[in-house]
Amino acid sequence: IQLRVFTEILHCILTKECKTFPVRVCATAKKISCEKFGRAVGRMLASTTGDGAVAPKMVQEGPTHIKRASTEKLREVFQKYASQKKDGKFYMTGDDFVRVFLGLFPETAYNVESVKLLAGIADTSKDGLISFAEFQAFEGLLCTPDALYKTAFQLFDTQGNGTVAYADFVSVIQKTTLYAKLPLKLDGSFMERYFGRDKKRAINYVEFSQFLHDFHEEYAMEAFHSKDPTGSGYISTLDFKDIMVKVKKHLLTAEVKDNLVAITEGKKVSYPYFMAFNSLLNNMELIKRIYLNATNGNRIQHITKDELLHSAQIMSQITPLEIDILFQMAGVIHQTGRIVYSDLSNIAPEHYAKHMTHRLAEIKAVSSPDDRGIFIQILESVYRFTLGSIAGAAGATAVYPIDLVKTRMQNQRSGSLVGELAYRNSWDCFKKVIRHEGVVGLYRGLVPQLVGVAPEKAIKLTVNDFVRDKVGSNGTIPLYGEILAGACAGASQVVFTNPLEIVKIRLQVAGEIAGAAKARAWSVVKDLGLFGLYKGARACLLRDVPFSAIYFPAYAHTKKLFADEDGYNSPLSLLVAGAIAGIPAASLVTPADVIKTRLQVVARAGQTTYTGVMDAARKILREEGPRALWKGAAARVCRSSPQFGVTLVTYELLQRLFVVDFGGSRPVGSDVKKMKTVEPTVFKPNADHIGGYQAAVPIVNGIETKFGLSLPRFASTIAASSFSSTKT
């Protein structure tokens, strides 16, 4: 049976567009009986939903799998791009599918043969046209766990018969840039083992997946032998570099590529060394797991060669030679004698299935970290300050009602006047504010809060990042450095915090007095004067310095705990980490917050007045007892914890969306893997890439990054410069 007929039949049945069961069309086929085909279709029909779409249970789903698109939406997309009409039906041409729909080969002078090969992945009938049935079938293939290997298989299945013959493989491989750079014989004993001595044997999908894996290793070995014509078992360092750049370029990060000669120390490269070097690069993900096993999950612990080797022997068959090469690489790049997780990330080749971070803007301010001058560092601080302002405003607005309740609870005196207790607890305070002042009362004093909180949080985040950059090295920072950075951040913010707090607090407590004139922010500022705005500054320092010294280290370490195995933090993990870190920080400094509040509010008639921090502490303890110092602790935790969670997640997400490379550090966990083998470009997602087609471009790009197979003039919209070397 022809594949075209087969797919049309299945499409007809599954979409219920025909009245009869067209099994008899298959009766003339010799390789599949009518009965067998009927049973297969029957099983498929039993697994469909009411609208004819395959039931979700047929798609294996997991953290990296994509949910299939509905037939109706796929048809809308297909009709939008299909430009060819034949026998009353619309079809996509190769250009429609590859250049227009997928967005590949945007150049005018594109390689027609490469477009044809890529279009053939979806065009299983190999007639030059892609029907809707084929379009939908490829979308389903992209949702499978082994979509990368299946896509590569269909690239080489040029006849569309479900197998790859020797001639099919050779015809495609000879069109790749790999073969153009280093043409080798394709009729040796390796090919005979897979295709037979007479090259008549065809291999199926599962056999091809193993063949493709072994082929690249065989190609590298053949390249080694071609550079060693005398059979000495050695090649020069320049020949070693030439092979790695031409054959194994997809495994080389920028750091490794630039130091290939230095890693070998200028000595001749033996065959065992060559094989171990390639094996190491292929197994870097396993090396990462070995490292994490040796450090019990700690990503910032430096370990020695012996420690890593001991862990490797327990977990895997990584050889001592591979460990030696790993430390040679790390030594050439960082010269520390030990390795840390970030070293492995810098050496490991990029994985095609990395998390996609959509970036609204991406600017490279410097070409390398060495170009970071004073002006660039100032620009970086301005950039962080701007994003911190937005993040601070978002966090403050989200929790302002809780902050108002906290302030009123802390200002409530006990023991001085009978009947003065207006609120029994925080919840009672919340209800009474809404009852007497309305919902708007919960946001009394918000405007000056936003005016002040923007620079307050901005300078806090900026100073913390600045000090961390100065005391850290190679992406790591000691605990004392984290505490110091947090303390500096807390001290710097008091310049903005104290005036903001005193105005906010006086506006918040103004609503407690029935019939009192409505307080205005500007009138409060005029009454206080410049020096009055800094009343209680010592108490503010007493609160903010330890708060930040506790919060930022706790956040950094909690964030690492919630990162996935690649070190990536999702927005939810950032929010949770920020909220958790705020609990100890906010609760432990509550006494200082109570003292600050008492110093900054205006004491009413009959209430105790305070002259300073120590005076306030003594009088509160004497008149109200130790518990008074912890008033509003619950409200403070409920306010500070989510506020800083929202602030930090907003701050880090803004840095992911608006990327400006100043040559300094970026937030840990922003990317699954750094872009190393290619220069990063902005990925512009196509809204029509629905269902499995969300992975189409990364999968096609993965054929090069995983297997080293690129086609002439192959330019992906994710990493256009990845293939710039082929645009000749």
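Think of each chain on its own: its residues are numbered from 1, step by step along the sequence as written. Only residues with pLDDT of 70 or above have their local features reported here, since the model is predicted, and side-chain atom pairs are shown and tallied only from 80 upward, although totals for entire chains, interfaces and linings are computed over all residues. Hydrogens are left out, water is left out, and the side-chain values use all remaining heavy atoms of the structure.

The name an unreviewed UniProt entry assigns to the protein is Putative mitochondrial carnitine-acylcarnitine carrier protein, from the organism Nyssomyia neivai. UniProt positions are given in the numbering used here, feature names are shortened, and annotations may be inferred rather than shown by experiment. According to UniProt, the comment filed for the protein under the heading Subcellular location (unreviewed entry) is "Mitochondrion inner membrane".

For the rest of this paragraph, the subject is the overall build of the protein. A count of helices and strands for the protein gives 30 helices and 6 strands. Partly exposed describes any residue whose relative accessible area lies between the buried limit of under 20% and the exposed limit of over 50%, with all areas from a 1.4 Å probe on protein chains only and scaled to the type maximum. Residue burial in the protein is summarised as follows: out of 728 residues, 51% are buried. Using a 1.4 Å probe, the Shrake-Rupley method yields the accessible areas, and only the shown protein chains count as cover for residues. Looking at the protein as shown, the accessible area adds up to about 33700 Å², and 59% of this sits on carbon and sulfur atoms. Think of it this way: any DSSP run of H or I at least four residues long counts as a helix, any run of E at least two long counts as a strand, and we number them from the N terminus.

On to the side chain of S311, then. Tracing the backbone through its elements, the reader meets S311 in helix α17 (residues 305–315). Working rule for contacts: check all heavy atoms of both residues, and any pair within 4.5 Å makes them a contact. Setting aside residues up to four positions removed in sequence, S311 forms contacts with I290, N293 and A294.

In this structure's numbering, the residues bearing the UniProt feature "domain: EF-hand" (unreviewed entry) are residues 144–179 and 215–250. With 58% helix and 0% strand, the stretch residues 144–179 has end C-alpha atoms that lie 30 Å from each other. In this annotation, residues 215–250 is assigned 67% helix and 6% strand; the end-to-end C-alpha distance for the span is 15 Å.

What follows deals with the pattern of salt bridges. Here, a salt bridge means any side-chain nitrogen of Lys or Arg that lies within 4 Å of a carboxyl oxygen of Asp or Glu. Inspection of the entire model under this criterion finds 21 salt bridges. Between D544 and R543 there is a salt bridge, with the nearest N and O atoms lying 2.8 Å from each other. On the accessibility criterion, D544 (4% relative accessible area) is buried. Classification of R543 by relative accessible area gives buried; the value is 4%. Where D615 meets K619, a salt bridge forms, and the shortest distance between an N and an O atom there is 3.3 Å. Of the two residues, D615 and K619 both sit in helix α28 (residues 613–624), 4 residues apart, roughly one turn of that helix. Salt bridges sharing partners connect three or more residues here, namely E380, R384, D465 and D469.

For helix α7 (residues 147–156), the tally of buried residues reaches 8 of 10 residues, placing the bulk of the element in the interior. Among the residues of α7, A147, L148, T151, A152, F153, Q154, L155 and F156 are the ones counted as buried.

What follows deals with unusual backbone geometry. Glycine aside, a negative phi is what most residues show, and trans is what most peptide bonds show. Here F105, not a glycine, exhibits a phi torsion of approximately 55 degrees, which is positive. Tracing the sequence through the fold places F105 in the loop between α4 (94–101) and α5 (112–122). Located in the positive-phi region is K126, a residue other than glycine, with phi close to 60 degrees. Mapping K126 onto the fold places it in the loop between α5 and α6 (132–141). Since its relative accessible area comes to 27%, K126 is described here as partly exposed.

Here the focus is the environment of M329. Inspection of the secondary structure puts M329 in helix α18 (residues 320–334). Put simply, M329 and E255 are 74 residues apart on the chain and 8.9 Å apart in space, counted from C-alpha to C-alpha. Those residues in contact with M329 that lie beyond four places of it in its chain are V256, I263, F277, L280, L281 and I347.

The rule is short: rings of Phe, Tyr and Trp, with Trp giving its six-membered ring, pair when the centres are within 6.5 Å, and they are stacked under 30 degrees, edge-to-face over 60, tilted in between. A complete count under the given rule lists 39 aromatic pairs for this structure. Judged by centre distance (5.7 Å) and plane angle (70 degrees), the rings of Y166 and F195 are edge-to-face. Separated by 29 residues along the polypeptide, Y166 in helix α8 (residues 166–173) and F195 in helix α10 (residues 189–195) bring together distant segments of the chain. Its relative accessible area of 0% is what places F195 among the buried residues. Relative to F277, the ring of Y273 lies with its centre 6.3 Å away and its plane at 25 degrees, an arrangement referred to as stacked. In this pair, Y273 and F277 are both assigned in helix α15 (residues 271–282), 4 residues apart and thus about one turn of the helix distant. We note that Y273, like F277, is buried.

Here we come to a nonpolar patch on the surface. Like charges within 9 Å and nonpolar side chains (Val, Leu, Ile, Met, Phe, Trp, Tyr) within 5 Å are joined into patches, using only residues over 30% in relative accessible area that form no salt bridge. A cluster of nonpolar side chains, L561, F562, L572, L575, V576 and I580, forms an exposed patch at the surface whose accessible area comes to about 550 Å². Elements that contribute at least two residues to the nonpolar patch include exactly α25 (537–562) and α26 (571–588). By residue number, the principal contributor to the nonpolar patch is α26, which donates 4 residues.

Another aspect to go through is the confidence of the model for the protein. It should be kept in mind that the predicted coordinates are not to be read in detail where pLDDT is low. Each residue carries a pLDDT score, the predictor's own confidence in it, on a scale running from 0 to 100. With 74% of its residues at a pLDDT of at least 70, the protein reaches an overall mean of 76. Below a pLDDT of 50 lies the segment residues 45–64, which in the model reaches 25 contacts outside its immediate sequence neighbourhood of four places, other chains included. The low-confidence segment residues 672–683 (pLDDT under 50) makes 42 contacts with residues lying over four places distant or belonging to another chain.

Note on placement: D96 falls in helix α4. For the buried D96, no salt bridge is present, and the opposite-charge side chain at shortest range is R99, 8.5 Å distant. In protein, a polar contact means a hydrogen-donor-capable atom and an acceptor-capable atom, both N or O and within 3.5 Å, with residues adjacent in sequence counting only if both atoms are side-chain atoms; elsewhere, any N or O pair within 3.5 Å suffices. Of note is the side chain of D96, whose polar atom sits 2.4 Å from the side chain of S83. Here D96 is in contact with Y81, A82, S83, Q84, Y91 and F101, once residues within four sequence places are set aside. For the purpose of charge, His is not counted, nor are the chain termini; Lys and Arg are scored as positive and Asp and Glu as negative.

Right, let's talk about the packing of α26 against helix α29 (residues 633–657) for a bit. Note on geometry: axes are lines fitted to C-alpha atoms, helical ones only across the stretch in contact, with angles between N-to-C directions running from 0 to 180 degrees. As a packed pair, α26 and α29 sit with axes 7 Å apart at the nearest point and diverge in direction by 140 degrees. When you trace α26 past α29, the crossing you get is right-handed. Across the interface between the two elements, P571, L574, L575, G578, A579, I580, G582, I583, A586 and S587 of α26 pack against R636, V637, S640, S641, G645, V646, V649, E652, L653 and R656 of α29. Of the residues contributing to the contact of α26 with α29, the split by class is 11 nonpolar, 6 polar and 3 charged. Less than a right angle of anticlockwise turn of the near helix away from the far helix marks a crossing as left-handed, whereas a clockwise turn marks it as right-handed. Residue classes follow a fixed rule: Ala, Val, Leu, Ile, Met, Phe, Trp, Tyr, Cys and Pro count as nonpolar, while Asp, Glu, Lys and Arg count as charged, and any other residue, Gly among them, counts as polar.

In summary, soluble globular proteins display a tendency toward joint burial of nonpolar side chains. Within the largest apolar cluster, 108 residues are counted, with the highest numbers of intra-cluster contacts made by F97, F135, F169, F208, F211 and F277. Ranked by the residues each element gives to this core, the list is headed by helix α11 (residues 205–227), at 9 residues. Leaving out residues up to four positions away in the same chain, F211 has contacts with F169, F190, M191, Y194, F195 and I203. What we call a nonpolar core is a set of buried Ala, Val, Leu, Ile, Met, Phe, Trp, Tyr and Cys residues that are connected through their side-chain atoms within 4.5 Å. With 25 residues, the next largest nonpolar core counts Y383, V467, A577 and L648 among its residues.

Our focus in this paragraph is helix α3 (residues 71–81). Listing the buried residues of α3 in full gives T71, L74, V77, F78 and Y81. End-on, the buried residues of α3 take up no more than an arc of 125 degrees, which puts them together on one face. Exposed side chains of α3 directed beyond 90 degrees from the buried face belong to K73, E76 and K80. Contacts made by the buried residues of α3 are with β2 (89–91), α4 and α6. Each direction from the helix axis to a C-beta atom contributes to the arc, which is the arc of those directions.

This next bit is on the environment of Y443. Relative to the helices and strands, Y443 resides in the loop between α21 (426–437) and α22 (446–471). Separated by 46 residues in the primary sequence, Y443 and T397 place their C-alpha atoms 8.7 Å from one another. Apart from residues no more than four positions distant in its own chain, Y443 is found in contact with T397, Y400 and P401.

Turning to the environment of I699, a few remarks are in order. Residue placement: I699 occurs in helix α30 (residues 696–707). Taking C-alpha positions, I699 is 5.7 Å from L148, a pair spaced 551 residues apart along the chain.

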